[in-house]
Amino acid sequence: MKSYSRLQISLHWIVALMVIGLFASGFWMVELTYYSPWYKTAPFWHKSVGLVLALLVLWRLLLRLNNGPVEPVSGHSKAVKTASHLAHAALYLLLVLIVCSGYLISTADGRGIEVFGWFELPSLGQLFDQQADRAGLVHQWAAYSLIALVVLHALAALKHHFVDKDLTLKRMLSSNLNEEINQ
């Protein structure tokens, strides 16, 4: 596949905004006290949005499996292509790790996760000792790693745009450009 579809571009930016928002809310939530009016509300929203994010990431992965990967911009070295491939794989792996660890934190006490009041994702219960604490550490450090990688990803896109002056960033901004590439 030579270019990204409108759907792929939209999903990319929606996922990016959700990841940044979830990181910011998670960073803020850990400081909440029991007496804060947000003590129960913020985690409810964080978990609900996190599970929607999981579905969107799954959709992105299915699209990629169905359509194949988009061809790299011509002129990229083998090292750049390899770094890009590894960074994208790490982004997906961290997203899956964060969702799974979040699930383990939230369901360790046997209660399911209420998703926007639409449905409840059932709990598998406590699967190992100190599940909430151990999964919490994984969740925290995977989130820090993800944000570091997101920053690196954004800086790489800006480098491609302003230094290399190639189409890497433009392809993820405009489906019109992608239509021109495919013609």
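Scroll up to find the structure.
A brief report on the enclosed structure follows. By convention here, each chain's residues receive numbers from 1 onward along its written sequence. The model is predicted, so local features are restricted to residues of pLDDT at least 70 and side-chain atom pairs to those at 80 or more, both for listing and for counting; the totals for chains, interfaces and linings are taken over all residues. Neither water nor hydrogens contribute to the side-chain values; these are computed over all heavy atoms in the structure.

With that out of the way, let us pick up the nonpolar core. Proteins that are soluble and globular tend to have nonpolar side chains buried together. If you look at the biggest cluster of nonpolar residues, it comprises 19 residues, and the most contacted ones within it are V15, V19, L53, V57, L95 and L146. One finds L51, Y103, L104 and A135 within the second-largest nonpolar core, a separate group that totals 6 residues. In these notes, a set of buried Ala, Val, Leu, Ile, Met, Phe, Trp, Tyr and Cys residues joined through side-chain atoms within 4.5 Å is what counts as a nonpolar core. For every residue, the accessible area (1.4 Å probe, protein chains only) is compared with the maximum for its type, and the residue is labelled buried under 20%, exposed over 50%, or partly exposed between those bounds.

Centres within 6.5 Å make a pair out of two Phe, Tyr or Trp rings, where for Trp the six-membered ring is used; the pair is then stacked when the planes are under 30 degrees apart, edge-to-face when over 60, and tilted otherwise. Scanning the model with the defined rule gives 9 aromatic pairs in all. Look at W45 and F116: their rings are 5.3 Å apart centre to centre, the planes differ by 65°, and that puts the pair in the edge-to-face class. Of this pair, W45 sits in helix 2 (residues 41-67) while F116 is found in the loop between strand 1 (113-115) and strand 2 (119-121), placing the two residues 71 residues apart along the sequence. With a relative accessible area of 44%, W45 lands in the partly exposed category. Residues W141 and Y144 carry aromatic rings whose centres are separated by 5.1 Å and whose planes lie at 70° to one another, so their mutual orientation is edge-to-face. Of the two residues, W141 and Y144 are both situated in helix 4 (residues 131-164); the distance of 3 residues between them amounts to about one turn of the helix. Strands are runs of DSSP state E lasting at least 2 residues, helices are runs of H or I lasting at least 4, and numbering of each runs from the N terminus.

For helix 1 (residues 6-29), with 24 residues, the first-to-last C-alpha span of 34 Å sits near the 34 Å given by 1.5 Å per residue. Buried residues of helix 1: Q8, I9, L11, H12, V15, M18, V19, L22, G26 and M29, and no others. How far a helix is expected to stretch is found by multiplying one less than its residue total by 1.5 Å.

With respect to the element layout, Y39 can be found in the loop between helix 1 and helix 2. For Y39, a relative accessible area of 35% puts it in the partly exposed group. Separated by 31 residues in the primary sequence, Y39 and V70 place their C-alpha atoms 43 Å from one another. Setting aside chain neighbours within four positions, we find Y39 in contact with L32, T33 and Y34. We call two residues in contact when some of their heavy atoms are within 4.5 Å.

Turning to the side chain of S48, a few remarks are in order. The residue S48 is located in helix 2 in this model. Pairs of N or O atoms are called polar contacts if they sit within 3.5 Å, as long as, within protein, a hydrogen donor faces a hydrogen acceptor (for residues adjacent in sequence, only side-chain-to-side-chain pairs). A polar side-chain atom of S48 sits 3.4 Å from the main-chain carbonyl oxygen of E114. Beyond its immediate sequence surroundings of up to four residues, S48 is in contact with E114, V115 and F116.

Turning our eyes to something else, we now look at the packing of helix 1 against helix 4. Packing of helix 1 against helix 4 leaves a shortest axis separation of 11 Å and a crossing angle of 135°. Between helix 1 and helix 4, the angle falls in the class oblique. Relative to helix 4, helix 1 is oriented so that their crossing is left-handed. Contacts between helix 1 and helix 4 involve H12, V19, F23 and F27 on the former and, on the latter, A143, Y144, L146, I147, V150 and H153. Three categories are distinguished: nonpolar for Ala, Val, Leu, Ile, Met, Phe, Trp, Tyr, Cys and Pro, charged for Asp, Glu, Lys and Arg, and polar for the others, with Gly belonging to the last. Across the contact of helix 1 with helix 4, the residue classes break down as 8 nonpolar, 2 polar and no charged. Between the N-to-C directions of two axes lies an angle of 0 to 180 degrees, each axis being a line fitted to C-alpha atoms and, for a helix, fitted only over the stretch in contact. Here is the rule for angles: anything less than 35 degrees is roughly parallel, anything more than 145 is roughly antiparallel, 65 through 115 is roughly perpendicular, and the remaining ranges are oblique. Crossing handedness follows the turn of the near helix against the far one: under a right angle anticlockwise gives a left-handed crossing, and clockwise gives a right-handed one.

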